[in-house]
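# Structural description and commentary
Residue strings, one per chain:
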There are 2 protein chains.
Amino acid sequence: MTGATEKIKIKGTKSISIKEIAKICGVSTATVSRVLNDNGRFSDETKNKVLRTVEKLGYKTNNIAKSLRTKKTRSIGIIVPDITNEYFANIILAIQNFFFPQGYSVLVYNTNEDQGKEDLYLKDLEAKCVDGLIYFFCMEDRGQIDAIRKKIPVVFVDRNPNRKGAVVVESDNYTGGFLATEELIKSGCRNIVILRHILTNSTIVGRYKGYRDALNKYGIPFNPDLVLDMYVNANASKEAICRLIECGIAFDGIFACTDWLAVGALMALRKHNIKVPQQVKVVGFDNVSISEYSSPSITTINQDKTRLGEIAAQMLLDMIDGKSIDEKNIILPVELIKRETT
Amino acid sequence: MTGATEKIKIKGTKSISIKEIAKICGVSTATVSRVLNDNGRFSDETKNKVLRTVEKLGYKTNNIAKSLRTKKTRSIGIIVPDITNEYFANIILAIQNFFFPQGYSVLVYNTNEDQGKEDLYLKDLEAKCVDGLIYFFCMEDRGQIDAIRKKIPVVFVDRNPNRKGAVVVESDNYTGGFLATEELIKSGCRNIVILRHILTNSTIVGRYKGYRDALNKYGIPFNPDLVLDMYVNANASKEAICRLIECGIAFDGIFACTDWLAVGALMALRKHNIKVPQQVKVVGFDNVSISEYSSPSITTINQDKTRLGEIAAQMLLDMIDGKSIDEKNIILPVELIKRETT
DNA sequence: CTGAAAGCGCTAACAC
DNA sequence: GTGTTAGCGCTTTCAG
């Protein structure tokens, strides 16, 4: 640590504009603009001249000015609940990797599932004039969603807002829930707990439906005591399972709607010296790293995060480019990954 | 899936400008601009009139145009190695939470430690005219760093580029490495493996130095066979430790420069039926979730990600605002978190 | 193939 | 207190 107080200042890099290079090349700004954007209507000679001086002077186009004219900012927004969650981070990464080579950059907004923030972010995105939005929708319908959709292209990922005409990319949560539950049943479980996120959204609804239908199919009675709602957080699920055990409610399987919820369950089981998978079996959801590296490793439902992101990105780009899009609701398949907890 | 092909189109929300509302209010655009920016020199009467019609017509200022005039975009860039890594994600989150209330939005660029990408991102950031940059510096010096610093304010986080005059916020990696190693020594270890990231940067250098100095202080000879370099990845460290065991090289402690590296080590140890912490003890670094929820839970060195992000953000904002800043190199304290692996 | 000129929406002197 | 005016740097008709 130095106690010195220093004034940081940035050199006024008086950046040169199209005008200067036009003057130097002895052509008009219009011509320079044309060669820069490869819009035709210029000779090879002028092209070379322009390009060479652009290179020499290190000219960089001012995208602000360009945006003002073209009404395109070449940036998109992402509104996401929790960037800290590996599942979301993977999708964001795929989106960024897709868009950057297309010349788009990505504004990231983290809601932490807070609707107030979500509102503010939507406003900000509009003010910043993004060309499109990828939306991990979280808020309840208050008309905002349709409002923003009227103004800019938006594609919903992961969570389905169930609005007519909305473009959405999601995993097959229903089948995921079904497969997870079926795996437990086939391994011999008859009293299957389900650990859910307390915030109801389409992913939870789908997984729960799959759970119920699997129970049904195999003739296992549904027990409402085994439905546990909580905020997604390993400690919350640990406590919930501990409570269940302490109340003496019997169960032999757990379907956790999230891998982290499964981790918490495992902690509770370990604390009570309950053997996994011998006494209780566990299935998670997402297939994030923790499920692979936890001990025991967790049987889970894989979601294809990369494709989720890529497809959403591709659809958004198509919308921005005014292309027609074939499907408005893409549902990606999921897959059971069998590991040590079942 | 519907086979229908639908043309998505966005309604041309012919947005109104300052001009319209000036006309309606019977004042000039300058006046409107003044009340909108609260720049004084207008009467309460006109203020009310303007504000009311702004409200009524739902006028929104066009930030592109504004930026073109003011040369401020109110956006900052973040260049980060891996958004998927909870450690980095936490810092990004803190930065976003700090900046949004200040009216800034955040462009995120993921390098995946790829220098080629880093170069491109730097160019893009410049073209997008961001007001500042927070930089998890990864590339080796090729002059680019100093070049960008001349153009926009940048603060380096996590990794110290060791350039004179650079503003950097980092954890006390040296002390972290020392504490981790000391913890192992005090628990009785004498043959301590260190698991390092193969990409040398200031964090690794610092932690390694701490390791060596702790060894020295306690009179334990350094054994180069116990220094293992790899890409940060649980599988890589698992394999490295397995190899060590299979080669018959004895060790009783492991200092992993990252929690995920520690996780891999634990897997290798489990595979070979080596008891932790009885036969081998392990210390990680970062204190990300996995260290808390792994089984056994991992003793680790905590880095204060939130403060790392907040301080970096505050310093960048100060630089943007042209304020003088007191310290150019903030080093945040770290802390040993004792858990089950030691 | 090229240039002149208008203007995107806003801010900031400067004059009154 | 308020209006006039001149651009910011670029694209894009329209004429030639």
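Residues numbered from 1 in each chain as written. Chains lettered and ligands numbered in written order. Predicted model: local features only at pLDDT ≥ 70, side-chain atom pairs only at ≥ 80, totals over all residues. Heavy atoms only, no water.

### A short note on the protein's contact with DNA strand D
Using the following cut-off: For this purpose, a residue is taken to be near a molecule or strand whenever a single non-hydrogen atom of the residue falls within 4 Å of it. Polar contact is defined as a pair of N or O atoms within 3.5 Å, subject to the rule that within protein one atom must be able to donate a hydrogen and the other to accept it, and that residues adjacent in sequence are counted only when both atoms are side-chain atoms. Numbering of helices and strands runs from the N terminus, with a helix taken as a DSSP run of H or I at least four residues long and a strand as a DSSP run of E at least two residues long.
With respect to spatial proximity, 25 residues lie near DNA strand D, and among them Ile18, Tyr59 and Arg69 of chain A together with Arg34 and Arg69 of chain B are the closest. A breakdown of the atoms of DNA strand D within 4 Å of the protein gives sugar and phosphate a share of 60%. Contact between DNA strand D and Ile18 of chain A: a phosphate oxygen at 2.5 Å from a main-chain N or O atom of the residue. Within the backbone of Ala65 of chain A, one N or O atom sits 3.4 Å away from a base nitrogen of DNA strand D. Within the residue set of the surface near DNA strand D, elements represented by two or more residues are α2 (29-36) and α4 (63-70) of chain A together with α2 (29-37) and α4 (63-70) of chain B.

### Remarks on the interface of chain B and chain A
Our working definition: In this analysis, two residues are considered to be in contact whenever any of their non-hydrogen atoms come within 4.5 Å of each other. Buried area counts how much accessible surface, traced with a 1.4 Å probe, disappears from two parts once they are put together, with both parts' losses summed. Any carboxyl oxygen of Asp or Glu that lies within 4 Å of a side-chain nitrogen of Lys or Arg is treated as forming a salt bridge with it. Note on residue categories: nonpolar means Ala, Val, Leu, Ile, Met, Phe, Trp, Tyr, Cys or Pro, charged means Asp, Glu, Lys or Arg, and polar means any other residue, Gly included.
Taken residue by residue, the interface counts 73 residues in chain B and 73 residues in chain A. Summing both partners gives a buried area of about 6,200 Å² for chain B against chain A, and 60% of it is carried by carbon and sulfur. Where chain B touches chain A, the interface holds two salt bridges. The interface formed by chain B and chain A includes 18 residue pairs in polar contact (both at pLDDT 80 or more). For the side of chain B that touches chain A, the element with the highest residue contribution is helix α5 (residues 86-99) of chain B, accounting for seven residues. Looking at the side of chain B that touches chain A residue by residue, the classes come out as 33 nonpolar, 21 polar and 19 charged.

### What about the environment of Thr306 of chain B?
All names here are of chain B. Rules: Each residue's exposure class comes from its accessible area (1.4 Å probe, protein chains only) as a fraction of the maximum for that residue type: buried when under 20%, exposed when over 50%, partly exposed otherwise.
Mapped onto the secondary structure, Thr306 falls in helix α13 (residues 305-320). Looking at Thr306, the relative accessible area reads 41%, which means it is partly exposed. Along the sequence, Thr306 and Asp252 sit 54 residues apart, while their C-alpha atoms lie 34 Å from each other.

### Details of the state of the cysteines
The following threshold applies: The disulfide criterion is simple: two cysteine sulfur atoms within 2.5 Å.
Applying the stated rule across the entire model yields zero disulfides over all chains. With no disulfide partner, Cys129 of chain A has as its closest neighbouring cysteine sulfur the one in Cys129 of chain B, 14 Å distant. Its sulfur unpaired, Cys247 of chain A is 11 Å from the next cysteine sulfur, which belongs to Cys242 of chain A. Assessed through its relative accessible area of 58%, Cys247 of chain A is described here as exposed.

### A word on the sheet that holds strand β6 (residues 192-197) of chain A
All names here are of chain A. Spelled out, the test is: By definition, two strands form a pair when at least two bridges between them are found by DSSP. Helix axes are fitted to C-alpha atoms over the stretch in contact, other axes to C-alpha atoms as well, and angles between N-to-C directions run from 0 to 180 degrees.
The four strands are arranged β7-β6-β8-β9 in an open sheet whose pairing can be described as parallel. On the outer flanks of this sheet lie β7 (227-230) and β9 (281-283), each paired with one strand and no other. Each strand of the sheet is rotated relative to its neighbour by a mean of 20°, with strand direction disregarded. Bridge count for β6 against strand β8 (residues 253-256) is four bridges, and the pairing is parallel. When the bridges of β8 are listed, Ile194 appears paired with Phe255. The strands touched by helix α10 (residues 234-246) within the sheet are β6, β7 and β8, with β7 carrying the most contacts at an inclination of about 145°. The sheet strands contacting helix α11 (residues 259-271) are β6, β7, β8 and β9, and the helix crosses β8 at an angle near 150°.

### Some thoughts on the relation of the copies chain B and chain A
Heads up, the rule is: The superposition of copies rests on a least-squares fit of C-alpha positions from residues with pLDDT of 70 or more in both.
Expressed as a screw operation, the relation of chain B to chain A combines 0.1 Å of axial shift with a rotation of 180°, fitting to an RMSD of 0.1 Å. This pairing of chains is accounted for by a two-fold axis. Of the C-alpha atoms belonging to chain B, the one lying closest to the rotation axis is found on Leu107 of chain B, 2.3 Å away. Mapped onto chain A, 99% of the interface residues of chain B are again interface residues, and the two copies thus contact each other with one and the same surface.

### Let's talk about helix α6 (residues 115-127) of chain A
Every α-helix carries 3.6 residues per turn, so stepping three or four residues along brings you back to the same face. Spelled out, the test is: Multiplying one less than the number of residues by 1.5 Å gives the expected span of a helix.
Taking 1.5 Å of rise per residue, 13 residues should cover 18 Å, and α6 of chain A covers 19 Å from first to last C-alpha, within 8% of that figure. For α6 of chain A, the complete set of buried residues consists of Glu118, Asp119, Tyr121, Leu122, Asp124 and Leu125 of chain A. Here the buried face of α6 of chain A lies against β1 (75-80), β2 (105-110), β3 (132-135) and α7 (144-151) of chain A together with α5 and β3 (105-110) of chain B. N-capping of α6 of chain A is provided by Asp114 of chain A, with a side-chain oxygen placed 2.7 Å from the backbone N of Gly116 of chain A. Where α6 of chain A ends, the next residue or the one after it, Cys129 of chain A, has phi of about 60°, a positive value.

### Considering the pattern of salt bridges
Tallied over the full model, the rule gives 24 salt bridges over all chains. Salt-bridge contacts for Glu183 of chain A lead to Lys338 of chain A; the nearest nitrogen and oxygen are separated by 2.9 Å. With a gap of 155 residues between them, Glu183 of chain A in helix α8 (residues 173-186) and Lys338 of chain A in the segment after β13 (335-337) connect regions that are remote in the sequence. With its nearest N and O atoms 4.0 Å apart, the salt bridge here joins Glu182 of chain B to Lys186 of chain B. Of this pair, Glu182 of chain B and Lys186 of chain B both sit in helix α8 (residues 173-186), four residues apart, which is roughly one turn of that helix.

### Brief notes about the environment of Glu310 of chain B
Residue and element names in this part refer to chain B. Along the chain, the position of Glu310 falls in helix α13. You can call Glu310 partly exposed: its relative accessible area is 37%. Glu310 has contacts with Ala94 and Phe98, leaving out every residue within four places of it along the chain.

### Thoughts on the nonpolar core
Inclusion rule: Joining through side-chain atoms within 4.5 Å is the link that ties buried Ala, Val, Leu, Ile, Met, Phe, Trp, Tyr and Cys residues into a set, and such a set is a nonpolar core.
By size, the foremost hydrophobic cluster in this structure holds 166 residues, and its most contacted members are Phe99, Ile241 and Leu269 of chain A together with Phe99 of chain B. Other than its neighbours up to four places away in sequence, Leu269 of chain A contacts Ile241, Ile245, Phe251, Ile254, Ile274, Val276, Val280 and Val282 of chain A. Ranked by size, the runner-up nonpolar core spans 36 residues in total, among them Phe137 of chain A together with Phe100, Val130 and Ala166 of chain B.

### Overview of the protein's contact with DNA strand C
In the region of DNA strand C, 26 residues are neighbours, and Arg34 and Arg69 of chain A together with Ile18, Tyr59 and Arg69 of chain B sit closest. Counting only the atoms of DNA strand C that lie within 4 Å of the protein, the sugar and phosphate share comes to 62%. Within the contact set of DNA strand C, a phosphate oxygen lies 2.7 Å away from a side-chain nitrogen or oxygen of Thr31 of chain A. A distance of 3.4 Å is found between a base nitrogen of DNA strand C and a backbone nitrogen or oxygen belonging to Ala65 of chain B. Taken together, the elements giving at least two residues each to the surface near DNA strand C come down to α2 and α4 of chain A together with α2 and α4 of chain B. No other element matches the four residues that α2 of chain B contributes to the surface near DNA strand C. Counted by class, the surface near DNA strand C contains eight nonpolar, 10 polar and eight charged residues.

### A few points about the domain arrangement of chain A
Residues and elements named next belong to chain A. Heads up, the condition is: Domain delimitation in this document rests on an assignment produced automatically or drawn from a domain database.
Taken domain by domain, chain A holds domain 1 (7-70), domain 2 (75-172 + 306-334) and domain 3 (173-302). Averaged C-alpha coordinates put domain 2 and domain 3 at centres separated by 29 Å. With 10 residues of domain 2 in contact, the opposing surface of domain 3 contributes 15 residues. For the interface between domain 2 and domain 3, the tally reads zero salt bridges. The tally of links from domain 2 across to domain 3 stands at six residue pairs in polar contact (both at pLDDT 80 or more). At the level of secondary structure, the elements contributing two or more residues to the side of domain 2 that touches domain 3 comprise α5 (86-99) and β5 (167-171). A breakdown of the residues in the side of domain 2 that touches domain 3 according to their chemical character gives two nonpolar, two polar and six charged.

### Brief notes about the side chain of Ser202 of chain B
Residues and elements named next belong to chain B. Considering the arrangement of structural elements, one finds Ser202 in helix α9 (residues 202-217). A distance of 2.7 Å separates a polar side-chain atom of Ser202 from the backbone nitrogen of Asn160. When sequence neighbours within four positions are dropped, the list of residues in contact with Ser202 reads Asp158, Arg159, Asn160 and Glu170.

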